[in-house]
Amino acid sequence: YMQRENILLYNGLLQFVYNSSEVADCVLSDADGNQYMLSELVDTKPKLIIRISSLHCSSCVAHLLDELKKKNDLILEGRVLMIGAFENKRVFQAFKKTNGINVPFYYVNVYNEQENALGKENLPCLYLLDERMKIENLFIPIKELPDYTGKYFDIMTSRFLMADI
């Protein structure tokens, strides 16, 4: 019980630290090698950003991907962007294929990700992002509390992502 309480407290602390902080614009590459600035992929309507890394706990990432696959309404509306930090394009493509990722998925070099404030935390995370490039509604998925991740998706979908469609 104490471990879960500590995990929840840490999650809350990260929200206080990072909510409303600015996300650095960065170059993202897709599976075909096309490059985009993150700012080009967001607009006035918030998008749910999912950030993962090859350095993250594999069971934490697997938990997050399992929960995402249950939420087809998000996927179908094109309001989700996944950003993965990988060593190179080959590792990125293998991860994408192995995990059957079917949302827009981009990668950054894992070493560049450490320059991102949240990248330093070395945890998968989700947050809303729009043209202002500020983190809103940060969430760190907790594999020990899987219902929380599903509830986060439900709340973000109903309040922000599907509200204006």
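Definitions and cut-offs
Residues numbered from 1 in each chain as written. Predicted model: local features only at pLDDT ≥ 70, side-chain atom pairs only at ≥ 80, totals over all residues. Heavy atoms only, no water. Helix = DSSP H or I, 4+ residues; strand = E, 2+ residues; numbered from the N terminus. Expected span 1.5 Å × (residues − 1). Buried < 20%, exposed > 50% of the residue type's maximum accessible area, 1.4 Å probe, protein only. Arc of directions from axis to C-beta. Contact = heavy atoms within 4.5 Å. Polar contact = N/O pair within 3.5 Å; in protein donor to acceptor, adjacent residues only side chain to side chain. Salt bridge = Lys/Arg side-chain N within 4 Å of Asp/Glu carboxyl O.

### Observations concerning helix 3 (residues 58-69)
Working note: α-helix, 3.6 residues per turn, so residues spaced by three or four point in the same direction.
Piece 1. An ideal rise of 1.5 Å per residue puts 16 Å on twelve residues; helix 3 measures up with 16 Å between its terminal C-alpha atoms.
Piece 2. Taken as a whole, helix 3 has its buried residues at Cys 60, Val 61, His 63, Leu 64, Leu 65, Glu 67 and Leu 68.

### Let's talk about helix 5 (residues 89-99)
Piece 1. Listed as buried for helix 5 are Phe 92, Phe 95 and Asn 99. For helix 5, the angular spread of the buried residues around the axis is 65°, confining them to a single face. Seen from the open side of helix 5, the exposed residues pointing more than 90 degrees away from its buried face are Arg 90, Lys 97 and Thr 98.
Piece 2. Residues of helix 5 that are buried make contact with strand 3 (47-53), helix 3, strand 4 (80-86) and strand 5 (105-109).
Piece 3. Gly 100, located one to two residues past helix 5, shows a positive phi value of around 55°.

### Details of the side chain of Arg 51
Piece 1. For Arg 51, the position within the fold is in strand 3.
Piece 2. For Arg 51, a relative accessible area of 3% translates into the label buried.
Piece 3. Reaching out from Arg 51, the side chain makes a polar contact with the side chain of Tyr 127 at a distance of 3.1 Å.

### A closer look at the pattern of salt bridges
Piece 1. Evaluation of the coordinates by the stated rule reveals three salt bridges.
Piece 2. In this structure, Glu 67 and Lys 70 form a salt bridge, with 3.1 Å as the shortest nitrogen-oxygen distance.
Piece 3. A salt bridge links Asp 130 to Arg 132, with the shortest nitrogen-to-oxygen separation between them at 3.3 Å.
Piece 4. With a relative accessible area of 14%, Asp 130 lands in the buried category.

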